[in-house]
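Below, each chain spelled out in residue letters.
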Amino acid sequence: MANHIVFFGLVALTLCHLAFTFEPSPLQDFCVADSTTSARVNGLACKNPMNVQADDFFFSGLNIMGNTSNPVGSKVTPVTVAQLPGLNTLGISMVRIDYAPRGINPPHTHPRATEILTVLEGSVQVGFVTSNPENRLISKVLQKGDVFVFPVGLVHFQRNVGYGNAVAIAALSSQNPGVITIANAVFGSNPPIAADLLAKTFQVETSLVDQLQSKF
């Protein structure tokens, strides 16, 4: 019994550490984001607590299927501090991800968050790539009810490998995890990265880089 108590205590401490490693620890009960102020802080300024309402801690809509009619065949519905002001300083957010058959959530990274994902419907291949020099792909096909974690900062992806639509819910260890989609960042930057530089990086002809950049 004592071993079980120690184990669950360690789990609780680990989860608390995950939630607050990359976010400022709150110094009060809550700090609802004030979207009306121009004050610049690491996070968002706090709304006057006397003006806080239940709706500041509420979001509705994760039951609604996202529109996957796009080139990648997926739709991410975020619930970050931008959608739910009560998340400010709490170090957590979530998303719903819808996938059309063969749809993908392209390789991307969250610079400020670890992500833990669970499949609600369908079969979803997930994976992430370790950092240089190994660049090892760690991948698995998930079924309904399965859970997978993507470590903070690592490039990761999902793909619907079933015959119908798929749905997943993910939690992230930041109120504002950020997202960098690799293809968009490399081929769609503004201003563009020099085509000859990318051609040398990927060991391809400049004309192919021009073609890829035109898509983003």
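Residues numbered from 1 in each chain as written. Predicted model: local features only at pLDDT ≥ 70, side-chain atom pairs only at ≥ 80, totals over all residues. Heavy atoms only, no water.

Looking at the sheet that holds strand β3 (residues 104-109)
Threshold: Note on pairing: two strands pair once DSSP finds at least 2 bridges between them. Helix and strand labels come from DSSP, where a helix needs a run of H or I of at least four residues and a strand needs a run of E of at least two; each type is numbered from the N terminus.
Reading across from one edge, β6-β5-β8-β3-β10 is the order of the 5 strands in this open sheet, with antiparallel pairing throughout. The two strands at the open ends of the sheet, each matched to only one other strand, are β6 (137-142) and β10 (180-181). Here 2 bridges tie β3 to β10, and the two strands are oriented antiparallel to one another. Directly across from H108, in β10, lies its bridge partner T181.

Section: unusual backbone geometry
At the junction of N132 and P133, the peptide bond is cis and its omega measures out at 5 degrees in the coordinates. Within the secondary structure, P133 is located in the loop between β5 (124-129) and β6.

A closer look at the packing of aromatic side chains
The condition that has to hold: The rule is short: rings of Phe, Tyr and Trp, with Trp giving its six-membered ring, pair when the centres are within 6.5 Å, and they are stacked under 30 degrees, edge-to-face over 60, tilted in between. Burial classification: accessible surface area is computed with a 1.4 Å probe over protein chains only, and a residue below 20% of its type maximum counts as buried, one above 50% as exposed, and the rest as partly exposed.
Enumeration according to the criterion identifies 5 aromatic pairs in this entry. On the numbers, 5.4 Å between centres and 75 degrees between planes, the contact of F30 with F57 is edge-to-face. Placement of F30 in the loop between α1 (2-20) and β1 (74-79) and of F57 in the loop between α1 and β1 is noted, with a sequence separation of 27 residues between them. On the basis of relative accessible area, F57 is assigned to the partly exposed category, the value being 40%. Ring centres of F128 and F148 lie 6.1 Å apart, and the angle between their planes is 50 degrees; on these two criteria the pair is classed as tilted. Here the residue F128 occupies a position in strand β5, and F148 occupies one in strand β7 (residues 147-150), the gap between them amounting to 20 residues. Comparing F128 with F148 shows no difference in burial state: the two are buried. Grouping aromatic residues by their ring pairs yields a cluster made of F128, F148 and F150.

Topic: the packing of helix α3 (residues 195-202) against helix α4 (residues 206-214)
Note the following rule: In this description, a line fitted to the C-alpha atoms serves as the axis of each element, helices being fitted only across the stretch in contact, and the angle between N-to-C directions of two axes falls anywhere from 0 to 180 degrees. The scheme is simple: roughly parallel for angles under 35 degrees, roughly antiparallel for over 145, roughly perpendicular for 65 to 115, oblique for anything else. For any pair of crossing helices, the crossing counts as left-handed if the nearer helix is rotated counterclockwise from the farther one by less than a right angle, and right-handed if it is rotated clockwise. Any two residues whose heavy atoms approach within 4.5 Å are treated as being in contact. Gly is placed with the polar residues, together with every amino acid not listed as nonpolar (Ala, Val, Leu, Ile, Met, Phe, Trp, Tyr, Cys and Pro) or charged (Asp, Glu, Lys and Arg).
At a minimum axis distance of 8 Å, the contact between α3 and α4 shows a crossing angle of 110 degrees. Comparing their axes, α4 and α3 come out roughly perpendicular. The two elements α3 and α4 meet at a crossing, and its hand is right-handed. On the side of α3, the interface is formed by A195, D196, L198 and A199, while α4 contributes T206, V209, D210 and Q213. Within the contact of α3 with α4, the residues separate by chemical class into 4 nonpolar, 2 polar and 2 charged.

Quick notes on the confidence of the model for the protein
Formally: Every residue carries a pLDDT, the predictor's confidence in it, which falls somewhere between 0 and 100.
For the protein, the average pLDDT comes to 90, and 88% of its residues sit at 70 or higher. Counting contacts from residues 10-16, a segment whose pLDDT is below 50, to residues more than four positions away or on other chains yields 0 contacts.

As for a nonpolar patch on the surface
The condition that has to hold: Residues form patches when they are more than 30% accessible in relative terms and have no salt bridge. Like charges link within 9 Å. Nonpolar side chains (Val, Leu, Ile, Met, Phe, Trp, Tyr) link within 5 Å. All accessible-area figures derive from a Shrake-Rupley calculation using a 1.4 Å probe, and residue coverage is judged against the displayed protein chains alone. Salt bridges, as used here, are contacts in which a Lys or Arg side-chain nitrogen is within 4 Å of a carboxyl oxygen on Asp or Glu.
Judged by side-chain polarity, I116, V147 and V149 come together as a nonpolar surface patch covering roughly 240 Å² of accessible area. The residue I116 is located in strand β4 (residues 115-121) in this model.

Examining the UniProt feature "binding site: Mn(2+)" (unreviewed entry) in the protein
The following threshold applies: UniProt positions are given in the numbering used here, feature names are shortened, and annotations may be inferred rather than shown by experiment. In protein, a polar contact means a hydrogen-donor-capable atom and an acceptor-capable atom, both N or O and within 3.5 Å, with residues adjacent in sequence counting only if both atoms are side-chain atoms; elsewhere, any N or O pair within 3.5 Å suffices.
If you check UniProt for "binding site: Mn(2+)" (unreviewed entry), the listed places come out as H108, H110, E115 and H156 in our numbering. Over a stretch of 49 residues, the named residues converge on one spot in the fold, their C-alpha atoms separated by at most 11.9 Å. Along the chain, the position of H110 falls in the loop between β3 and β4. Look past the residues within four positions of H110 in its chain and what remains in contact with it is E115, V152, G153, H156, L172, P177, G178 and V179. Side-chain polar atoms of H110 contact the side chain of H108, separated by 3.5 Å. By the secondary structure assignment, E115 is in strand β4. Within the structure, the side chain of E115 is placed 3.0 Å from the side chain of H110, a separation counted as a polar contact.

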